[in-house]
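# Residue-level structural notes
Residue-level listing of the chains:
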Amino acid sequence: MAPRSPAPGLRRKHLRRRLRTLGFLSPWLVGFTVFFGYPLVATVYFSFMHYNQIRAPSFVGLRNWKYVLGQMPLFGPALWNTLWLVVVMVTLRVVFGLGVGLLVTRLTSGVGLFRTAFYLPCLAPPVAATVAFVFLLNPGTGPVDEALSALGVTAPRWFNDPDWAKPSLVLLSLWGVGDLMVVFMAALLDVPREQYEAAELDGAGALAKFRYVTWPSITPVVMFAVVTGVVQTMQYYTQALVAGKLASGVNTGPGSTVQPGYPDHSTLTVPQLIYSLGFQNFNTGAACVLSLVLFVIAMAVTSLLMRRRAGLLTAED
Amino acid sequence: MTTRRRSGRTTRGRVLHWIAVHTTAVAAALFFLLPFVFVFLTSVMSDEQAMSGELWPRGWHWSNYEAVLDAPGFLDWWRNSLIYAGLGTLFAVCSSLPVAYALAKFRFRGRRPAVLLVVATMMLPPQVVVVPMYLVWAQQLHLSGSLWPLIVPLAFGDAYSIFLLRQFLLTIPREYLESAKVDGCGELRTLTRIVVPMAKPGIAAVALFQFFFCWNDYFGPQIYAAQNPGAWTLSYGLESFKSAHGVNWNLTMAATALVMAPVVLVFFFAQKAFVEGVTLTGVKG
C-alpha cells in the first residue's frame, strides 16, 4: 500500500497511522494472546505431560495421545454422540427453522404476536429450559406423558431411555429455533417480489416457486445456518449435562462422581468428556489431547466458514 | 410487510389459505408457548399435586415463590449473575467497540487475516483452551472460586461482540466519518461523537446478546465458581437447586420461572434490538 520510498514527513504520518491502528486493536491483541494464544500453546505442552494438578508435570511423550485415541473407553461414545447431534440436530433445526420462517412470512394477521411466541424460547436460559423439559417429559407424571396417554399413546421414557435421550435433546433444541427463524425470515423477505410474479405468470405452483425462486436466493443463508449450527453443536454441553444429571435422579452436588452421559453414556459429548477428564479425574494430559482433537475438528469446520460463499465475510475483506 | 398479492386466486381459495396458515401458526405457537405455561402452572401447585401429574393447579400456592427466594443462596446467585452479566457486558462492549471500528473502517495491511482470526476464535468451543486457563487462575493467581476469571477476559475484547459490531459499523457510510475528519476530529473523537450515536441500535443489540450470554453461561461458572457456593450464578445454582431440595418439582419450577423471568421481561422491552441483532449475525453477504 505504501509507496516505496516515502518522504520523511510521509513516513512519520504512516508510522502515526500504524500506531493508531495498533492502539485501537490493542484490547483484542492482548486478549487474543493471553486468553487464546497462550492456553493453546499450553494445551499442546500438557498433552505430552502426565499431570494431576498436584505434583509437577512429567514428560510422557505420546502416552496421553495413545490412551485417548486408542484405549479410553469413553472416547468412542463421546465422539459418536457429538457427531450424531451435529448431523441430526443441525439438519432438523435448519428444516424446522426454515418452516417456521416461511410460516411467519405467510401470516397476514397477528404477525408480531406469533413472531414473539416463536422467538421467546430461544432466549430461555439453557439450564432453565433443560430443567423444564426434563420435568415436562418426566416418564409417568410429566405433562407430555399425561397428554399422550389421554390420546392413547404410550410415551417413550425420553431422557431416561438411551435410545430416546438424544432425540429428546433435539426436541429441546427445536423449541429454541427462534434465532434461525429470524435469520430465515429476513432472508425470505429479501427475495425480489417480481420474481414470484414472473414465476406465477409462467404458471408455477407453490412448490415450483419455492424450488426455482425462493431456494436459490436463500441458499447463502441456509449455508450460514448449517455451518454456524455445526460449530454450536460441537460445543454442545450445558443441556446434555443438565438433562443427564437431572434425569439420573441422583444427588448431584459439586464434586459428585456421577459418570456423565446418563443413561448409558448416550448424552456424553466431547466437551463433557473434556470437563470430566480435566476437572473430575484430574487427568490434565488426556483432557488436553481431547481439547486438541476438538480444536482440529472445529478449525476444519471454521475454514469452511471462511469461504466467501458462507456469507460471513463481506466482499470488502 | 407480509402481505403478498395472490393474483389469480378466488375469494374462497384465499379464505381457505388464510385459515390453513393461521391454524398452523396457532399449532406452532402452542408448541413454543406451552412449556412456559406448564412451568408456571406447576410452580404454583402444592407439593403433593406437583408429584401427581395433574395439569391444572388445585389452589394457587404463591408461597412456593417465597420459599425459593428464601432458599439459602438464591438471592446471592441473583446478585452474582447481575455482577457477572452487568460488568461483563460493560467491559466487553467498551473493549470490543474500538477493535470493531478499526476492523470495519481502517485500511491497513493484515486486516483480512485479523478479521479471519476474530471469526475463528468466535467459532472455537470454549472447552478447547479451558484447562490451561483454569490452571493459571487457580494456581498462579489464586482467583478461582470468584467471578473474576469470568469477567476480566471480557475487558480484552470479545470475538463475538467484535464481529457483530463490525457487521453493524460496515453499514455506516464512509462519508460521515470523512466529513468528521475534515472538521478536525481525530479517530477517537470520531468514534465517540459520530460512530457511537449512529451505531446505538447495533451497540444495544450487542450489549443485550452479551448480557444474556453471561446470564445464561453455565460452563464458565461451573469451571471457576463451583468450589465456592458464594460465587455461584443463577444458571449454575439452579441446577443444584433440585439436589438440595429433593424432587419438589413445584419449587424447582418456581425457581426455573424466576430464572426465566428477567430474560422474558427484557425481551418484551427490547424486541427490536434482538431481532436486529440476530439478523445482523450473518444474513447480508
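A quick note: this is a predicted structure, and the numbers were derived from the prediction, not measured.

Let's shift gears to the overall build of chain B. Of the regular secondary structure elements, chain B holds 15 helices and 0 strands. Scaling as 2.2 N^0.38, a compact globule of 285 residues should have a C-alpha radius of gyration of about 19 Å, whereas chain B reaches 24 Å, well beyond that. Here the C-alpha coordinates of chain B stretch approximately 75 × 70 × 30 Å along the principal axes. Within the span of chain B, comprising 285 residues, buried residues form 58% of the whole. Within chain B, counting contacts between residues at least 6 apart in sequence, those at least 24 apart form 71% of the total. As presented, chain B carries roughly 12300 Å² of accessible surface, and 67% of it is formed by carbon and sulfur atoms. Distance between charge centres in chain B, computed from 22 positive and 14 negative side chains, equals 20 Å.

So, on to the UniProt feature "transmembrane region" (unreviewed entry) in chain A. Per the UniProt record, "transmembrane region" (unreviewed entry) is annotated on residues 21-48, 82-105, 117-137, 169-191, 212-231 and 284-306 of chain A. Each end of residues 169-191 of chain A is marked by a C-alpha atom, and these two atoms are 33 Å apart; helix forms 83% of the span and strand 0%.

This part is about a nonpolar patch on the surface. On the surface, Leu15(A), Leu19(A), Leu22(A) and Leu29(A) cluster together into a nonpolar patch covering about 370 Å² of accessible area. With respect to the element layout, Leu19(A) can be found in helix 1 (residues 8-46).

Our next topic: helix 11 (residues 238-248) of chain A. Note on helix geometry: an α-helix contains 3.6 residues per turn, so any two residues three or four positions apart are oriented the same way. Residue and element names in this part refer to chain A. Judged by how many residues are buried, helix 11 sits mostly within the fold: 10 of 11 residues are covered. When we look at burial in helix 11, the residues that qualify are Thr238, Ala240, Leu241, Val242, Ala243, Gly244, Lys245, Leu246, Ala247 and Ser248. Backbone geometry just downstream of helix 11 places Gly249 in the positive-phi region, at approximately 75°.

So, on to the interface of chain B and chain A. Facing the 111 residues of chain B at the interface are 110 residues of chain A. In total, about 10000 Å² of surface goes out of reach between chain B and chain A, with carbon and sulfur atoms giving 72% of it. Seen at the junction of chain B and chain A, the total is 2 salt bridges. Run the count over chain B and chain A and you get 11 residue pairs in polar contact (both at pLDDT 80 or more). Of the residues in the side of chain B that touches chain A, the class split is 73 nonpolar, 26 polar and 12 charged.

What follows deals with the domain arrangement of chain A. Residue and element names in this part refer to chain A. Partitioning chain A into structural domains gives domain 1 (9-64) and domain 2 (75-310). Domain 1 puts 11 residues into the contact, and the matching count from domain 2 is 11 residues. Of the roughly 890 Å² buried at the junction of domain 1 and domain 2 (both faces included), carbon and sulfur atoms supply 69%. Considering only the surface of domain 1 that becomes buried against domain 2, Thr43, Gln53 and Asn64 emerge as the three largest contributors, covering 44% of it. One can count 0 salt bridges joining domain 1 with domain 2. Applying the counting rule to domain 1 against domain 2 returns 3 residue pairs in polar contact (both at pLDDT 80 or more). It is helix 1 that contributes the most residues to the side of domain 1 that touches domain 2, 5 residues altogether. Tallied by class, the residues present in the side of domain 1 that touches domain 2 amount to 6 nonpolar, 5 polar and no charged.

This part takes up the nonpolar core. Counting residues in each nonpolar core, the largest one holds 197 residues, and the members touching the most others are Phe118(A), Tyr119(A), Trp175(A), Leu103(B) and Phe274(B). For this core, the element with the most residues is helix 4 (residues 74-105) of chain B, which contributes 13 residues. Setting aside residues no more than four positions away along its own chain, Trp175(A) makes contact with Pro121(A), Ala124(A), Ala129(A), Phe133(A), Phe31(B), Phe32(B), Pro35(B), Phe36(B) and Met260(B).

Residue and element names in this part refer to chain B. Its domain assignment divides chain B into domain 1 (2-43) and domain 2 (73-281). Placing the centre of domain 1 and that of domain 2 at their C-alpha centroids yields a distance of 35 Å. Taken together, the 4 residues of domain 1 in the interface contact 7 residues of domain 2. On the domain 1 side of the interface with domain 2, the three residues burying the most area are Val39, Thr42 and Ser43, jointly 79% of the side's total. Connecting domain 1 to domain 2 are 0 residue pairs in polar contact (both at pLDDT 80 or more). Here the side of domain 1 that touches domain 2 is built from residues that sort into 2 nonpolar, 2 polar and no charged.

Quick notes on the rules
- Residues numbered from 1 in each chain as written.
- Chains lettered and ligands numbered in written order.
- Predicted model: local features only at pLDDT ≥ 70, side-chain atom pairs only at ≥ 80, totals over all residues.
- Heavy atoms only, no water.
- Helix = DSSP H or I, 4+ residues; strand = E, 2+ residues; numbered from the N terminus.
- Rg over C-alpha atoms; globule rule 2.2 N^0.38 Å.
- Buried < 20%, exposed > 50% of the residue type's maximum accessible area, 1.4 Å probe, protein only.
- Contact = heavy atoms within 4.5 Å.
- Areas by Shrake-Rupley, 256 points an atom, 1.4 Å probe, with all protein chains shown as cover.
- Lys, Arg positive; Asp, Glu negative; His and termini not counted.
- Charge placed at Lys NZ, Arg CZ, Asp CG, Glu CD.
- UniProt positions renumbered as here; feature names shortened; annotations may be inferred.
- Patch = residues over 30% accessible without salt bridge, like charges linked within 9 Å, V, L, I, M, F, W, Y side chains within 5 Å.
- Salt bridge = Lys/Arg side-chain N within 4 Å of Asp/Glu carboxyl O.
- Buried area = accessible area lost by both parts, 1.4 Å probe.
- Polar contact = N/O pair within 3.5 Å; in protein donor to acceptor, adjacent residues only side chain to side chain.
- Nonpolar A, V, L, I, M, F, W, Y, C, P; charged D, E, K, R; others polar.
- Domains from an automatic or database assignment.
- Core = buried A, V, L, I, M, F, W, Y, C linked by side-chain atoms within 4.5 Å.

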